[in-house]
Amino acid sequence: MKNRTMFILCLLLSGLLHAQETERKLYIANQVNGYDITVDGKLDEPAWKSVKWEDHFTQYQPHEGKQPYQQTEFALLYDEHNIYVAIKALDKNPDSISMRMTRRDLMDGDQLGIAFDTYLDRRTAFLFAVSAVGVKADWVMSNDGENEDFTWDPIWWVKTSKTDYGWNAEMRIPLTQLRFDKNGEQMWGLQVFRQIFRKEELSMWQPMKRGGSGMVSQFGNMNGLKNIQPKNTIDIMPYVVARTERFEKDAQNPFQKTGKDNGFNAGLDAKIGLTNYLTLDLTVNPDFGQVEADPSEVNLTTYETFFEEKRPFFIEGKNILKYKLMFGDGDLAYDGLFYSRRIGRRPHYSPDLEDDEYANTPEFSRILGAAKITGKTKNGWSVGVLESITAEEHAEIKGIGNNRQQTVDPFTNYFVSRVQKDFNEGSTYLGGMVTAVNRKIDDDHLNFLHTSAYTGGIDFVHKWNNKAWMLDAGWYFSQVNGSREAIKKTQESHIRTFQRPDAGYIKYDTTRTSLMGQGGKLTVGKLGGNLKFMGGVAWKSPGLELNDIGYAQQVDNIFQIFWVGYRVYEPFSIFREINLNFNQWVQFDFGGNVTAPGGNINWWTSLKNYWQTYGSINVSGSQLSNSMLRGGPAYKSPGYKNVFVGFSSNQQKKLTFNFTTSQNFSNEKGYRRIENYSFGVAYRPLKSLRVDLSPGFYNSKEEMQYVTQEDYANSKRYIFGRIERNTLNMSVRINYNITPDLTIQYWGQPFVATGKYSEFKHITNSKAGEVYDRFQFYSASQISYDAEDEIYQIDENLDNTADYSFDKPDFNVKEFLSNMVVRWEYRPGSTFFLVWSQTRNGFENDGAFNFTRDFEGLFNEKPHNIFLLKFSYRFGR
């Protein structure tokens, strides 16, 4: 009887504990009731004295569920136009509060914030946060915390003040900046949070589980918002830009005779609320002169480099237009149906010039206008639509007695649409996406471009068992249309190489005028708790072509993966937190050939001294590349091992540093060796000033680097060389934040990359069992170098007559990029920019690396300076 009673008691206790873990708190908001509230951070208005304050925060990190180091109190009021938030960060040691001045959305130091799930869909939240020194951060959280969009910049007001009991934050958030339904009384999801920097402690009003598979679904609730009316945003922001350039004079070049160029531009940005839920963003003749340049690189692979989007119009709300093709958050995550850098890209065509001709070619295709509609309805429909038009661009060409124009990019229309529907309080969603690119091609020399390109896809996600388990599936397709020349070029592109002689499973047809392909993914996994795992497969057919408006590094690919991860959230021994992961994968082509088997173990730890360590070990079997010979047969490379380790120091200190290194070496001795080192140091002499230096060095010695291909004896010679590469770069970043609204930012990057080729060879049997049976070195009698013309002559049959030749491939690339921006938001939504950009470029056909010579040579190159003034003014409510 006693045992039975204890059993029943245990069941009751376990049920009670479970209820305590899942119980949602409820906050009841109150009206201002005639009180005036001045947002000054003092919280001394009668309204704040008459309202009930909420406390009882609990730790989320590092000790989940325990009492925080310092308590926090908050209160919330509203009127017909605004929501007012007051938060008191109690602190027994006010002098220890970390107050670091940064730019918006890059907060540092102690922080407070509030999050609203206005849709109550348990997936989407609008977050408003502030640091102790008064720097704002605002972002949208979607897919239950899986995606965070910091590009969202609503108009709102906040002030902070330091007190003898800690510090305060006071906010005014206009209802125009939120999306909600018209009801008599609102019910929203609510969370309030606090970060104590010196303890790296995050505490929450509504207790949350770190092992949970979502964030927004764990929020508390708020009601009491009665008879508030949704209000639509209307913001009109015209701008003007004055620009001047200074560069080296060139008396022979008619476009550079004076060494200067001046320009003026104007345009318009707008944000208009179409309904309670849908917002129209509009830009006419946009200017992105204040945007930082892409980092320098020398890419010798067949894979296109992914560059991050930095243009404000395209990054705001980008998550709603995202359709991921793969899984994970590494390089695979870049693949998608929409890659906004395709819009306004560099022109596709470069003019062929005579010896006496010079060309002035636009750096980017001009965006005439773009419009974007995004939002989410009360019924769980998420909608995103983007339309953009780029101009027909021409190169102006001048020669002796001959001036002409040549089209380098056609008039192009881009269209993207995305829709998702939530079910079961965000546990299930079904979505779809359609994209279209249409070009008006009037010139024969542009017939290599597609006249039209279409893609579409559907995706489905279902979570169950309190969202701990997930099924994620999707399928998509593409169709491109164009001339025979265009579709032939598409078939022969490096990511698919239909013309390969050993690609019997692919039909290469030079008469095609269209090409279709498809792909998809299916994953099942457990995402909740300490132990997590996932298995999945993704595929892209050989005919898939997304790169008119999407991004796919590789097609003709079937990718199987299995992942297991274990999380230790509670501190123990010297650790605050540990993440351990194991990955296994195998890749195939559509012919059933194994192309890349491998596995990986990786880890990340946070230590009690606030340092972090991380690393990984990769092991791969033999690789089969269908693109390495650029249209030749597949090439078999030895497997490899890669070791990556790194650490970072305590970010609370004025002086911080980090270091990473990776070492890659082939399973075949002497075939490949790659070393990569990067070091970062940051110093904060003042709370408003931070200086970052990040030097990096890369060295590789590889037996097989593609050089070219030549015809010989009714066959192709695929020519490779041994290459030694050295790359040295350093990023310099200075952020001086005078006030939260006035900042000076500088970024500079010197870059030197060299490549020296030797031991030239040609492919003989690309998949031979032994590595050195796959190619044949040219003997000293077969190869000779013509120093005057800088070409290698090949006499393969030793008849004293050159059978073919190729240019010396060595390179020494120097580049310096810099960008300084003074940004002043002189009133909310209205900005003034002063920009100075400088570039220096140099190239030599010399692969030797010499630090002193190369860096002196870099800064001896003549600079190209651009100075820009941009002024915008917001009209709106």
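Because the structure is a prediction, the values reported are computed rather than measured.

Basis of the calculations
Residues numbered from 1 in each chain as written. Predicted model: local features only at pLDDT ≥ 70, side-chain atom pairs only at ≥ 80, totals over all residues. Heavy atoms only, no water. Helix = DSSP H or I, 4+ residues; strand = E, 2+ residues; numbered from the N terminus. 1 Å grid on protein atoms, 1.4 Å probe; cavity = no way out; pocket = protein on both sides within 12 Å on 5 of 7 lines; lining within 4 Å. Points joined across faces, edges and corners; volume = space filled by probe spheres on them. Nonpolar A, V, L, I, M, F, W, Y, C, P; charged D, E, K, R; others polar. Pairing = 2+ DSSP bridges. Axes fitted to C-alpha atoms, helices over the stretch in contact; angles between N-to-C directions. Contact = heavy atoms within 4.5 Å. Salt bridge = Lys/Arg side-chain N within 4 Å of Asp/Glu carboxyl O. Buried < 20%, exposed > 50% of the residue type's maximum accessible area, 1.4 Å probe, protein only.

A. Expanded view of unusual backbone geometry. Of note, the bond from Gln61 into Pro62 is cis; its omega dihedral lies within 30 degrees of zero at 10 degrees. Along the polypeptide, Pro62 turns up in the loop between β3 (58–61) and β4 (72–78). Here the phi dihedral of Arg122 falls at roughly 60 degrees; this positive angle occurs in a residue that is not glycine. Mapped onto the elements of the fold, Arg122 is located in the loop between β6 (111–117) and β7 (125–131). Backbone geometry at Lys467 places phi at a positive 65 degrees, although glycine is not the residue there. Assignment of secondary structure puts Lys467 in the loop between β25 (452–464) and β26 (469–481).

B. Region of interest: empty space enclosed by the protein. For the structure on display, the rule yields two cavities of 30 Å³ or more. The calculated volume of the largest cavity comes to roughly 40 Å³. Every residue lining the largest cavity is listed: Arg100, Gln651, Lys653, Lys654, Thr656, Ala682, Tyr683, Arg684 and Arg690. When residues in the lining of the largest cavity are grouped by element, the largest group, three residues, is from strand β37 (residues 672–686). Approximately 30 Å³ is the volume found for the second largest cavity. Among the elements of the structure, β24 (428–440) and β25 are those that each provide at least two residues to the lining of the second largest cavity. Ranked by residue count, the leading element in the lining of the second largest cavity is β25, at three residues. Counted by class, the lining of the second largest cavity contains five nonpolar, two polar and two charged residues.

C. How the structure looks around the sheet that holds strand β43 (residues 791–794). Strands sit in the order β42-β43-β44 across an open sheet of three strands; the sheet is antiparallel. The sheet is open, and its two edges are formed by β42 (783–786) and β44 (804–807), each paired on a single side. Mean inter-strand twist for the sheet, computed between neighbouring axes without regard to direction, equals 25 degrees. Of the pairings in the sheet, the one linking β43 to β44 comprises four bridges and is antiparallel in character. The residue bridging Tyr792 from the neighbouring strand is Phe806, located in β44.

D. Local environment of the sheet that holds strand β22 (residues 402–409). The three strands lie next to each other as β18-β21-β22, forming an open sheet whose pairing is antiparallel. A single partner strand is all that each edge strand has here, and the edge strands are β18 (358–360) and β22. Averaged over all pairs of adjacent strands, the angle between strand axes in this sheet comes to 25 degrees, irrespective of strand direction. Examined bridge by bridge, strand β21 (residues 393–399) and β22 share seven bridges and lie antiparallel to one another.

E. Examining the side chain of Thr102 more closely. Locating Thr102 in the fold gives a position in the loop between β5 (82–90) and β6. Excluding anything up to four places from it in sequence, Thr102 contacts Met107, Asp108, Val135, Arg684 and Asn737.

F. Geometry of the pattern of salt bridges. Going through the model one piece at a time under the given rule, you end up with 43 salt bridges. Taking the shortest distance from any N to any O, the salt bridge between Asp810 and Lys756 comes out at 3.8 Å. Here Asp810 is found in the loop between β44 and β45 (811–827), whereas its partner Lys756 is found in strand β40 (residues 742–763), with 54 residues between them in sequence. On the basis of relative accessible area, Asp810 is assigned to the buried category, the value being 3%. We classify Lys756 as partly exposed; its relative accessible area is 43%. Where Glu825 meets Arg823, a salt bridge forms, and the shortest distance between an N and an O atom there is 3.8 Å. For Glu825, a relative accessible area of 11% puts it in the buried group. A single salt-bridge network, built from bridges that share partners, covers Arg104, Asp138, Asp153, Arg823 and Glu825.

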